[in-house]
Amino acid sequence: MMLCVLNSTAIAWLATHEAFVWLAVAPLIVLQAILMIGVQEIKHQGVHRQFLVGTRLNDAVGVFAAGIFAANFVGYRYFHLEHHRKTCQADDPEGLMYEQTWPTRWISLLGAAEQLWVAISTNRISRRYLPPHAVWRWRWNNALIVVFAGALAFGLYEVPRLVVCVYLLPYCLFAWMDFWLTQAEHYGVRISVQGPRRAPCEITTDVRMPKALSWLILHRSLHRTHHHAPATRWFHAYAQSTVLAKDKPGGMTDLPAFVATWMRLGPRLWK
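Overview of the overall build of the protein chain
A count of helical and extended segments in the protein chain gives twelve helices and two strands. The secondary structure elements of the protein chain, listed N-terminal to C-terminal, are α-α-α-α-α-α-α-α-β-α-α-α-β-α. The globule rule puts the C-alpha radius of gyration for 271 residues at 18 Å, and the 19 Å found for the protein chain is close to it. On the principal axes, the C-alpha backbone points of the protein chain span a range of 60 × 45 × 40 Å. Taken over 271 residues, the protein chain has a buried fraction of 48%. Long-range contacts, defined here as pairs at least 24 residues apart, represent 72% of the contacts in the protein chain between residues at least 6 apart. As presented, the protein chain carries roughly 13600 Å² of accessible surface, and 69% of it is formed by carbon and sulfur atoms.

In structure tokens:
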């Protein structure tokens, strides 16, 4: 998170400089997109209350991290925990989104639109899983998202180049990169009827990245490791993934291999 803030500051300084040059800011925009994948993982870790010690601080950071992607942190928590209980079963809440996936490889080019659609859909679907005591926090979180969207629109009007460089371009690039990671999570897994849970490591995939890159994104791509042990803190995930691969081989790939498989077989569908 701190790296993302520092990088945002550097991009803002370059974007508002009189001698603005796109080539100077482009590498930082790419880095910002990569760091935003890590922020996405902060949201995910926060849902499990594994990012920071202390419920209130963890949730406050989670709300902020989710808000960057127009996601409702409160709704996403109940949606995601239900997904863990019913992973790849007929009543898995993720099915309500993947049932609507376009069966075409062209969706790989719609990363930003797809990311926003997922945030909105998750928020809408999550309403049915909210306990009564959480409804007011869900509504309050929605209000904060509206405020963020308004501030973003105002910024686009007042300082368009700044907002484009600091947020919009990194967001679009982030969304395209994160698309592949989310597609890989349970790719090719058969959807079962309601019944006994299958072993998480049998229905989930770890996408191994170069170690430095994996640390930059807080090991977001190690989804098999996460489902195997949801209480794993992000900084333990890489080592845990290595141990899991030795104890229970399979369920692991690298990104180029997954992209090649995806291009051959098409997008993840709910079937």
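Back to the write-up after that little detour.
What to know about the packing of helix α1 (residues 2-15) against helix α2 (residues 22-47)
The geometry of a pair of packed helices is captured by two quantities: the angle between their axes and the separation between those axes. Orientation of α1 relative to α2, taken along the N-to-C sense of each, is 155°, at an axis distance of 9 Å. With respect to α2, the element α1 is oriented roughly antiparallel. The handedness of the crossing between α1 and α2 is left-handed. In this structure, α1 uses L3, C4, N7, S8, A10, I11 and L14 to contact α2, whose residues at the interface are A24, V25, L28, I29, L31, Q32, L35, M36 and V39. Within the contact of α1 with α2, the residues separate by chemical class into 13 nonpolar, three polar and no charged.

Quick notes on helix α7 (residues 135-158)
The terminal C-alpha atoms of α7 lie 35 Å apart, and with 24 residues this matches the ideal 34 Å at 1.5 Å per residue to within 8%. Of the residues making up α7, those classed as buried are V135, W138, N141, N142, I145 and G155. Buried residues along α7 sit against α3 (55-67), α4 (73-85), α6 (111-126) and α8 (160-184).

Let's talk about the pattern of salt bridges
Note on pairing: side chains with opposite charge can pair once their charged atoms come close. Here the structure, examined in full by the defined rule, presents eight salt bridges. The partner of K86 in a salt bridge is D91, with the nearest N and O atoms 3.4 Å apart. What makes K86 partly exposed here is its relative accessible area of 25%. The network of salt bridges with common partners includes E82, R85, K86 and D91.

Digging into a nonpolar patch on the surface
On the surface, a nonpolar cluster with roughly 730 Å² of combined accessible area is contributed by M1, M2, L3, V5, L6, L31, F64 and L216. For the nonpolar patch, the element with the most residues is α1, which contributes four residues. As for its placement among the helices and strands, M2 is situated in helix α1.

Here we look at the side chain of T204
As for its position among the elements, T204 is in the loop between α8 and β1 (206-208). Of the polar contacts made by the side chain of T204, one reaches the backbone oxygen of P200; its length is 2.7 Å. Excluding anything up to four places from it in sequence, T204 contacts E185, H186, H223, R224, H227 and G251.

Comments concerning the nonpolar core
Core analysis: the largest hydrophobic core is formed by 30 residues, its most contacted members being M36, F69, F174 and W262. Counting only elements with at least two residues in this core, the list comes to α2, α3, α8 and α12 (255-265). Looking at this core element by element, the count peaks at eight residues for α8. Other than its neighbours up to four places away in sequence, F174 contacts A33, M36, I37, Q40, F69 and Q115. In terms of nonpolar packing, the next biggest core, distinct from the first, is built from nine residues, V47, F79, A119 and I125 among them.

Conventions we followed
Residues numbered from 1 in each chain as written. Predicted model: local features only at pLDDT ≥ 70, side-chain atom pairs only at ≥ 80, totals over all residues. Heavy atoms only, no water. Helix = DSSP H or I, 4+ residues; strand = E, 2+ residues; numbered from the N terminus. Rg over C-alpha atoms; globule rule 2.2 N^0.38 Å. Buried < 20%, exposed > 50% of the residue type's maximum accessible area, 1.4 Å probe, protein only. Contact = heavy atoms within 4.5 Å. Areas by Shrake-Rupley, 256 points an atom, 1.4 Å probe, with all protein chains shown as cover. Axes fitted to C-alpha atoms, helices over the stretch in contact; angles between N-to-C directions. Parallel < 35°, antiparallel > 145°, perpendicular 65-115°, else oblique. Left-handed = near helix turned anticlockwise from the far one by under 90°. Nonpolar A, V, L, I, M, F, W, Y, C, P; charged D, E, K, R; others polar. Expected span 1.5 Å × (residues − 1). Salt bridge = Lys/Arg side-chain N within 4 Å of Asp/Glu carboxyl O. Patch = residues over 30% accessible without salt bridge, like charges linked within 9 Å, V, L, I, M, F, W, Y side chains within 5 Å. Polar contact = N/O pair within 3.5 Å; in protein donor to acceptor, adjacent residues only side chain to side chain. Core = buried A, V, L, I, M, F, W, Y, C linked by side-chain atoms within 4.5 Å.

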